[in-house]
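If you want the building blocks of each chain, they are given just below.
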Amino acid sequence: MTDTAARSGQDTRVDEHYDVVIIGAGPAGLAAGLSLVRARRRTLMIDSNRPRNAPTLHSHGFITRDGVPPLELRRLGREEFQGYPGGEFHSGLVLAVTALDDAEGVARLLVSTRGLRGEPSRVIRSRAVLVVTGQIETLPAFPSVRAWYGTNLHSCIDCDGYENTGAALALIGETDDLAHHALVLTQWSSDLIVFTNGVGTVTARDEAALLSRGVRVDRRAIQDVVGERGAMTGVQLVDGEVVARSGGFVRPLSRPAIDFLAELPVALDGAGFVSIDDWSRTNVPGLYASGDTTRLSSSQLMVAAGTGAAAAAAITRDLLGPLHSDAPGAGSVWPPRLP
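Given the structure is predicted, the values throughout are model-derived calculations rather than measurements. (Residues numbered from 1 in each chain as written. Predicted model: local features only at pLDDT ≥ 70, side-chain atom pairs only at ≥ 80, totals over all residues. Heavy atoms only, no water.)

## Considerations on the overall build of the protein chain
When helices and strands are tallied, the protein chain shows eight helices and 16 strands. Expressed as a percentage of its 339 residues, the buried residues of the protein chain come to 50%. Restricting the contact set of the protein chain to residue pairs at least 6 apart, pairs at least 24 apart contribute 59%. Of the accessible surface of the protein chain, which amounts to about 16200 Å², a share of 52% is contributed by carbon and sulfur atoms. (Helix = DSSP H or I, 4+ residues; strand = E, 2+ residues; numbered from the N terminus. Buried < 20%, exposed > 50% of the residue type's maximum accessible area, 1.4 Å probe, protein only. Contact = heavy atoms within 4.5 Å. Areas by Shrake-Rupley, 256 points an atom, 1.4 Å probe, with all protein chains shown as cover.)

Shown next, in the form of structure tokens:
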């Protein structure tokens, strides 16, 4: 038992190793899991069932599943994954991933969990670990923002723009990319106001360009998002004015959900996301990442699923080892690890 597992205060068993452990059961994890079990790899998928899109009522843009509730999409994916021999699901919260050298000197990774919903905590050995835990969002600090999030307010413009065609929209954010996202939104509605809350950055040049498309910028501080009878009706500013809006989009601050990797020397990019090569490999042998855990994805479910399938293809090839028995260690993966 690891120190981390011991600190969980629950009974913990050490499992025999798996070929692959997938941490996260969103679209990227489910797509990877399906590919891996079809490649006859013993695969354990771990998930805490706390998806970022839990408040969202409908998913869009996923081929053959347009409009399906996100939780239903996850249920269907798990059902397919567990329908194959070698596909196993564990309901748990990952506490730590650590490196372990076995008696033969072969690198292995150890995954420690705290079991949820009646399942035991576990310590799992695996030849490879794929991290697809997505992001943690911090929404602007308005009292009622979460009341409207997922129904009248959304974060993924590409996912939910169509459903807001022609509506009176607000784009709320405190980031420096508001002008770009406002431009994208004009595909669906020209009745758009960008609210910076006195923090977000929109340059004078960008403001003029948006105004030429009918988009206004309001730099006043926001008091709250208001509504009645279950529908958003406007954005209330600190000066008391309520600007009528029927819905919109919010730009949350995001960071990858990777606190459990703290004991590994994982390379991160400047924004704190996991750095990977073209084959989803991190700088830690046996550790892979895809989906929103990296900067190479987007919030669209279809894109995330594609990155998971690509990661699975790399993992299945890497697990086969070198083509020739006399190949040096650095050539044991294909394609070769990028410098």
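## A short note on the environment of Ser280
Structurally, the position occupied by Ser280 is in the loop between β15 (253-256) and β16 (287-289). Classification of Ser280 as buried rests on a relative accessible area of 7%. The spacing of Ser280 and Ser290 is ten residues in sequence and 6.2 Å in space, taken between C-alpha atoms. Filtering out sequence-adjacent residues up to four positions away, Ser280 remains in contact with Leu287, Tyr288, Ala289, Thr307, Ala310 and Ala311.

## A few points about the nonpolar core
Counting residues in each nonpolar core, the largest one holds 21 residues, and the members touching the most others are Val21, Ile23, Val97, Val111, Val131, Leu261 and Leu287. Only β1 (12-23), β2 (43-47), β3 (87-101), β4 (107-115), β5 (121-131) and β16 provide two or more residues apiece to this core. One finds Leu36, Phe89, Ala128 and Ala311 within the second-largest nonpolar core, a separate group that totals 20 residues. (Core = buried A, V, L, I, M, F, W, Y, C linked by side-chain atoms within 4.5 Å.)

## Some details on the packing of aromatic side chains
Taken as a whole and judged by the stated rule, the model has zero aromatic pairs. Here Arg42 stacks its cationic end above the ring of Tyr18, 4.0 Å away from the centre of that ring. (Phe/Tyr/Trp six-rings, centres within 6.5 Å; stacked < 30°, edge-to-face > 60°. Lys NZ or Arg CZ within 6 Å of the ring centre and 35° of its normal.)

## Considering the sheet that holds strand β7 (residues 153-154)
Strand order in the open sheet formed by five strands is β7-β14-β8-β9-β10, and the pairing between neighbours is parallel. Both outer strands of the open sheet, β7 and β10 (216-218), are each paired with one neighbouring strand and no more. Bridge analysis of strand β9 (residues 192-195) against β10 gives three bridges, and the strand direction is parallel. In the sheet register, Val194 faces β10, and the bridge partner there is Val217. Of the strands in this sheet, β8 (169-173), β9 and β14 (247-251) are in contact with helix α6 (residues 178-185), which crosses β8 at around 160 degrees. (Pairing = 2+ DSSP bridges. Axes fitted to C-alpha atoms, helices over the stretch in contact; angles between N-to-C directions.)

## Some remarks on the pairing of strand β12 (residues 231-237)
Across six bridges, the pairing between strand β11 (residues 222-228) and β12 is antiparallel. Within the sheet, the bridge partner assigned to Val226 lies in β12 and is Gly234. The pairing of β12 with strand β13 (residues 242-244) spans three bridges and is classified as antiparallel. Its bridge partner being in β13, Val235 is matched across the sheet by Val243.

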